[in-house]
Amino acid sequence: MPKLKPSPQEERNLIVRACIAGNQERYVITDEFLADHLGMSISTFKKKKTHPETFDLIDIQMLSHYLKFTPVQAASIALGRDITAKEVKDFILM
């Protein structure tokens, strides 16, 4: 049976999860640290991390601070898709 293509929402969720997981690994930041600094229980944080569409804007803003999202990562999260090199180049040359 062929593999189904992820829904648009799941594709957006994959981008958010990848940015969070990648920067957690890179900067050695635990789920416990982030949950504590976001003011939520560890179980709530893990549920939101699994379903990132449930994060509030303030949560995303705080995550971007603690996880040091790059401008490209922040834009990818906001737009819900990968940002292309051409888009970055066009933005820089504006």
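Everything that follows concerns the structure shown earlier in this document.
Parameters at a glance
Residues numbered from 1 in each chain as written. Predicted model: local features only at pLDDT ≥ 70, side-chain atom pairs only at ≥ 80, totals over all residues. Heavy atoms only, no water. Helix = DSSP H or I, 4+ residues; strand = E, 2+ residues; numbered from the N terminus. Buried < 20%, exposed > 50% of the residue type's maximum accessible area, 1.4 Å probe, protein only. Contact = heavy atoms within 4.5 Å. Areas by Shrake-Rupley, 256 points an atom, 1.4 Å probe, with all protein chains shown as cover. Lys, Arg positive; Asp, Glu negative; His and termini not counted. Charge placed at Lys NZ, Arg CZ, Asp CG, Glu CD. Salt bridge = Lys/Arg side-chain N within 4 Å of Asp/Glu carboxyl O.

**What to know about the overall build of the chain**
On a plain count of helices and strands, the chain comes out with six helices and zero strands. Summarising its shape, the C-alpha atoms of the chain cover approximately 45 × 40 × 25 Å along the three principal directions. By the burial criterion, 29% of the 94 residues in the chain qualify as buried. Considering only contacts within the chain whose residues lie at least 6 apart along the sequence, 53% involve residues at least 24 apart. Carbon and sulfur atoms provide 63% of the accessible area of the chain, an area that totals close to 6,600 Å². Between the centroid of the 13 positive side chains of the chain and the centroid of its 12 negative side chains there is a distance of 4 Å.

**Considerations on the environment of Ala-74**
In this structure, Ala-74 sits in helix H5 (residues 71-79). Ala-74 sits in the partly exposed class, given a relative accessible area of 34%. Taking the C-alpha atoms as reference points, Ala-74 and Thr-54, 20 residues apart in sequence, are found 17 Å from one another.

**Quick word on the pattern of salt bridges**
Taken as a whole and assessed by the stated rule, the structure comprises five salt bridges. Put simply, Asp-59 and Lys-48 hold a salt bridge, and the shortest N to O gap is 3.6 Å. Pair noted here: Asp-59 is in helix H4 (residues 57-67) and Lys-48 is in helix H3 (residues 42-50), with a separation of 11 residues, a long-range link. The two residues Asp-59 and Lys-48 agree in class, both being buried.

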